[in-house]
Amino acid sequence: MSGMSRARLVAMVFALLPSVALAGACDAGSDTPPSSAVAFEGARIIVGDGAVIEDGVFVVDGDRFAQVGAAGDVEVPDGAARVDLSGKTVMPAIVNAHFHLNPEREARTEQLRHSAYYGTALAVSLGLDEGNASFQMRDEVLADGARSQTAGRGITSPEPGRSEVPHWVTTEDEARAAVRELAAQQVDIVKIWVDDRGGQYERLSPELYGAVIDEAHTNGLRVTAHVFRLEDAKGLLRAGVDAFAHGIRDMDIDDEVVELWRERPHVVLVPNLPGPGVAETFDWLSGSVSAERIAEMNANSTDRPQAQEFFGIQARNMVRLHGEGFPVAFGTDGGSPWAVHQELADMVRAGMSPADVIVAATSTSAVFVGADDLGTVEAGKSADFIVLDANPLDDITNTRAISTVYLRGVALDREEMGAGFNSRAP
Ligand SMILES: [Zn+2]
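Residues numbered from 1 in each chain as written. Predicted model: local features only at pLDDT ≥ 70, side-chain atom pairs only at ≥ 80, totals over all residues.

Trainee: Lay out the overall build of the chain with the relevant residues and their values.
Mentor: Of regular secondary structure, the chain possesses 13 helices and 17 strands. Computed over its C-alpha atoms, the radius of gyration of the chain comes to 22 Å, within 12% of the 22 Å expected for a compact globule of 426 residues. Dimensions of the chain, computed from the C-alpha atoms along their principal axes, are close to 75 × 45 × 45 Å. Scored against the burial criterion, the 426 residues of the chain give a buried share of 47%. The long-range fraction of contacts in the chain, counting pairs at least 24 apart against all pairs at least 6 apart in sequence, stands at 71%. (Helix = DSSP H or I, 4+ residues; strand = E, 2+ residues; numbered from the N terminus. Rg over C-alpha atoms; globule rule 2.2 N^0.38 Å. Buried ≥ 20, exposed ≤ 12 C-beta atoms within 10 Å, placed from the backbone. Contact = placed C-beta atoms within 7 Å.)

What follows is the structure, encoded as structure tokens:
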């Protein structure tokens, strides 16, 4: 696989830069064989951990970054192919820690490829995966596709009328049994829902989520919670929850929850903001979505004052928790392959800096989900990165100005992929 990938990469570089690449090819008769490395030169590199390298150089060998640094600090191997990225900005591919993938193989594949098209390296499918495809596919490397993780079926109290995929539990024994089943399947994380859905249901009680968290930790698993109310967030923190899959949504947070969090500073927030309630354009999806559908989406996007208020609560809560220094990762919920770019912009709209939001969506998310080889443009990591035509540190919506996406050192053929998504769209 990686041999073929390298051949494709080199072929692409030759096609783009014949005169430069020929320099490497002329070694045929000399002692030094042509290098398999490719040097990318001249870009601004957003490393993903907060650092930025202006006029950077990075060398990709096979599916990994071999060297990353400022021009002059990197020794490009003899015979390496060279790609000029002057004027471009490079950032790590995105890690989406809260997503929902289709449980069927074919649709899941399409979704992972479409997510890759928009710059996602890894998506975590959070709690609605029935069947086996989700478990089989997380161990597979899809050509041109993002990687995946799965929480399998999550755990909630009975919610008749909503999805019946999650385990519905009403006793401590059922709660613990559900966790043991998930542990046997080796889920990547346990997802729970603690939400009465506006008074419709009895939400998972502290006794039950306490049992889930305890049993999960006994089995070496972490728990992430869908939460709505401040009161439940406090209970979950006391019970040892590891992460929140949403922000606190019913009211502005108070000092007590900040104190509880401070005693557990490893707890991760995936803000997963709601729509900001502001009219936006979707014209930037033209590479993979039909003009007809884009026109429809544009028409449906209007200013909604009530949504703006709801957004405001979560925005203030996220900014306060981020300001306290608690880890803020990144997730979009839903199944839209391009929503990552909306969420990045929403987090900036909410008050985080573009630089901090990119850290959240790359290195912080990668650490949170345990993807050790993702999240930064750094020697030794998987060469999963996005080449942008404009700088997202100036304007976060520049993450949409994608020139190329590389996964495991190979450039996606975005033009062909985009046309395929469009023609196959339901
Ligand atoms: Zn979700």
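Now that the structure has been shown, we can carry on.
Trainee: Provide a residue-level description of the pairing of strand 3 (residues 64–70), including the pertinent values.
Mentor: In the sheet, strand 2 (residues 52–61) pairs with strand 3 via six bridges, with the strands oriented antiparallel. Paired with G56 across the two strands is A70, which belongs to strand 3. (Pairing = 2+ DSSP bridges.)

Trainee: Could you give me a rundown of the sheet that holds strand 7 (residues 120–125), with the residues and numbers involved?
Mentor: Spatially, the three strands line up as an open sheet ordered 6-7-8, and their pairing is parallel. Since the sheet does not close on itself, it has two edges, and those belong to strand 6 (94–99) and strand 8 (147–150), each with one partner. Neighbour-to-neighbour, the strand axes of the sheet open up by a mean angle of 15 degrees, direction not taken into account. Where strand 6 lies against strand 7, four bridges are found, and the strand directions are parallel. Its bridge partner lying in strand 7, F99 is registered against S125. Contacts between helix 12 (residues 354–369) and the sheet are confined to strand 6, strand 7 and strand 8, with strand 6 contributing the most and set at about 55 degrees to the helix. (Axes fitted to C-alpha atoms, helices over the stretch in contact; angles between N-to-C directions.)

Trainee: Residue-level account of the confidence of the model for the chain, with values.
Mentor: Taken residue by residue, the chain gives an average pLDDT of 93. The fraction at 70 or more is 92%. By mean pLDDT, helix 2 (residues 18–25) is the weakest element of the chain at 39, and strand 5 (residues 89–92) is the strongest at 99. Long-range and interchain partners of residues 1–29, a stretch whose pLDDT sits below 50, account for 34 contacts in this model, where long-range means more than four residues apart. (pLDDT = per-residue confidence, 0-100.)

Trainee: Got a sec to walk through the packing of helix 7 (residues 230–239) against helix 8 (residues 255–262)? Specific residues and values, please.
Mentor: Where helix 7 contacts helix 8, the two axes come as close as 10 Å, and the packing angle between them is 20 degrees. As summarised for this structure, helix 7 and helix 8 are arranged roughly parallel, according to the angle between their axes. When you trace helix 7 past helix 8, the crossing you get is left-handed. Across the interface between the two elements, L230, A233, K234, L237 and R238 from helix 7 touch E256, V257, L260 and W261 from helix 8. Residue composition of the contact of helix 7 with helix 8, by class: six nonpolar, no polar and three charged. (Parallel < 35°, antiparallel > 145°, perpendicular 65-115°, else oblique. Left-handed = near helix turned anticlockwise from the far one by under 90°. Nonpolar A, V, L, I, M, F, W, Y, C, P; charged D, E, K, R; others polar.)

Trainee: Explain the nonpolar core to me, using residue names and the numbers behind them.
Mentor: Counting 118 residues, the largest nonpolar core has V90, V95, V190, I192 and V212 as the members making the most contacts within it. No other element matches helix 12, which puts eight residues into this core. Those residues within four positions of V212 in sequence are excluded, and the remaining contacts are I155, A175, V179, V190, I192 and V223. (Core = buried A, V, L, I, M, F, W, Y, C linked by C-beta atoms within 7 Å.)

Trainee: Can you tell me about the pairing of strand 12 (residues 223–227), naming the residues and giving the values?
Mentor: Burial analysis of strand 12 places five of its five residues in the buried class, which makes it a mostly covered element. Neither face of strand 12 is left uncovered, since the one carrying V223, A225 and V227 and the one carrying T224 and H226 both have all their residues buried. In this sheet, strand 12 lies alongside strand 11 (residues 190–194) in parallel orientation, the contact comprising five bridges. In the sheet register, V190 faces strand 12, and the bridge partner there is V223. Bridge count for strand 12 against strand 13 (residues 243–244) is two bridges, and the pairing is parallel.

Trainee: Give me the domain arrangement of the chain: which residues, what numbers.
Mentor: In terms of domains, the chain is made up of domain 1 (2–91 + 402–412) and domain 2 (93–375). Here domain 1 and domain 2 have C-alpha centroids that lie 34 Å from each other. Contact with domain 1, which involves nine residues of that partner, is made by twelve residues of domain 2. Among the elements that make up the side of domain 1 that touches domain 2, the one with the highest residue count is strand 16 (residues 402–407) (three residues). Considered class by class, the residues forming the side of domain 1 that touches domain 2 number six nonpolar, two polar and one charged. (Domains from an automatic or database assignment.)

Trainee: Any chance you could break down the packing of helix 11 (residues 339–350) against helix 12 for me, citing the residues and the numbers?
Mentor: Relative orientation of the contacting elements helix 11 and helix 12 amounts to 135 degrees, with a least axis distance of 9 Å. With respect to each other, helix 11 and helix 12 are oriented oblique. Crossing handedness for the pair helix 11 and helix 12: right-handed. Along its contact with helix 11, which presents L344, M347 and V348, the element helix 12 presents P354, V357, A360 and A361. Of the residues assigned to the contact of helix 11 with helix 12, the class counts are seven nonpolar, no polar and no charged.

Trainee: Now, about helix 6 (residues 206–218): what can you tell me, with residues and values included?
Mentor: Across its 13 residues, helix 6 extends 18 Å between first and last C-alpha, which sits within 8% of the 18 Å expected from 1.5 Å per residue. Regarding helix 6, the residues found buried are L208, Y209, A211, V212, I213, E215 and A216. On the buried face of helix 6, the contacting elements are strand 9 (155–156), helix 5 (172–184), strand 11, strand 12 and helix 7. Just downstream of helix 6, G220 is the residue with a positive phi angle, here 75 degrees. (Expected span 1.5 Å × (residues − 1).)

Trainee: Pulling in residues and values, what's your account of the environment of W284?
Mentor: Looking at the element boundaries, W284 is found in the loop between strand 14 (268–269) and helix 9 (291–300). Looking at W284, the number of C-beta atoms within 10 Å reads 16, which means it is partly exposed. Here the alpha-carbon distance between W284 and K191, two residues 93 residues apart in the chain, equals 33 Å.

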